[in-house]
Amino acid sequence: MPKTKFEWDTEKDTLNQEKHGISFAVAQYAFADPLRIIAKNESHSQSEERFYCFGEVNGGILTVRFTYRASVIRIIGAGYWRKGRAIYERENKIHE
């Protein structure tokens, strides 16, 4: 079974860490959550398809924005956002 490959722009990674406190190296773990949700990002898909991954990382629900290029997941942004948590909980029928 082939291993999933990830890539990202190092400058965007640095900016994401400064703004949202999450490195892209950590963000890739959202994809390992067996309950992860993948959704198409309809508002930012003009030149290429973009997606969201909502997955549990370090006890929180992380939203990862990404695109898929030549069998590689390219991470664009990531953060712990309430909207992503709400989607994850709704889709997995999690009630608190």
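Here we summarise the structure given alongside this text. Computed from a predicted structure; not experimentally measured.

## Description of the pairing of strand β5 (residues 72-79)
Of all 8 residues making up β5, 8 are buried, and the element is well covered by its neighbours. Pairing between strand β1 (residues 5-8) and β5: 4 bridges, direction parallel. Of the residues in β5, the one forming a bridge with Trp8 is Ile75. Both strand β4 (residues 60-69) and β5 contribute to a ladder of 7 bridges, which runs antiparallel. The residue of β5 that forms the bridge with Arg69 is Val72. Hairpin connection, β4 to β5: the antiparallel pair is bridged by 2 residues, and Ala70 has positive phi, about 45°.

## Observations concerning the sheet that holds strand β3 (residues 50-57)
In space, the 5 strands of this open sheet follow the order β1-β5-β4-β3-β2, with mixed pairing throughout. The sheet terminates laterally at β1 and β2 (37-40), the two strands that pair on one side only. In this sheet, neighbouring strand axes are inclined to one another by 35° on average, regardless of whether the strands run parallel or antiparallel. Sheet strands touched by helix α1 (residues 10-20): β1 and β5. Its angle to β5, the strand with the most contacts, is close to 25°.

## What to know about the nonpolar core
Core analysis: the largest hydrophobic core is formed by 14 residues, its most contacted members being Ala27, Phe31, Cys53, Leu62, Val64, Phe66 and Ile75. Of all the secondary structure elements, the ones that give two or more residues to this core are α2 (24-27), β3, β4 and β5. Of all hydrophobic cores here, the second largest spans 5 residues; its members include Ile37, Phe54, Ile87 and Tyr88.

## Concerning the pattern of salt bridges
Summed over all chains, the structure comprises 5 salt bridges. Salt-bridge contacts for Glu7 lead to Arg74; the nearest nitrogen and oxygen are separated by 3.2 Å. Residue Glu7 is located in strand β1, and its partner Arg74 is located in strand β5; the two are separated by 67 residues in the primary sequence. Where Glu91 meets Arg90, a salt bridge forms, and the shortest distance between an N and an O atom there is 3.4 Å.

So, how was this worked out
The residue count restarts for each chain, going from 1 along the sequence in the order it is written. Totals for whole chains, interfaces and linings use every residue, but because this is a predicted model, local features are given only for residues with pLDDT of at least 70 and side-chain atom pairs only at 80 or more, for both listing and counting. As a convention, hydrogens and water are excluded, and side-chain values are obtained from all of the structure's heavy atoms. Per-residue accessibility, obtained with a 1.4 Å probe over protein chains only, is compared with the maximum for each type, and a residue is labelled buried under 20%, exposed over 50%, and partly exposed between these values. Counting from the N terminus, the helices are the DSSP runs of H or I reaching at least four residues and the strands are the DSSP runs of E reaching at least two. We treat two strands as partners when DSSP finds at least two bridges between them. To obtain an axis, a line is fitted to C-alpha atoms, over the contacting stretch when the element is a helix, and the angle between two such axes runs from 0 to 180 degrees between their N-to-C directions. In this analysis, two residues are considered to be in contact whenever any of their non-hydrogen atoms come within 4.5 Å of each other. Definition used in this section: a nonpolar core is a set of buried Ala, Val, Leu, Ile, Met, Phe, Trp, Tyr and Cys residues joined via side-chain atoms within 4.5 Å. Each reported salt bridge corresponds to a side-chain nitrogen of Lys or Arg within 4 Å of a carboxyl oxygen of Asp or Glu.

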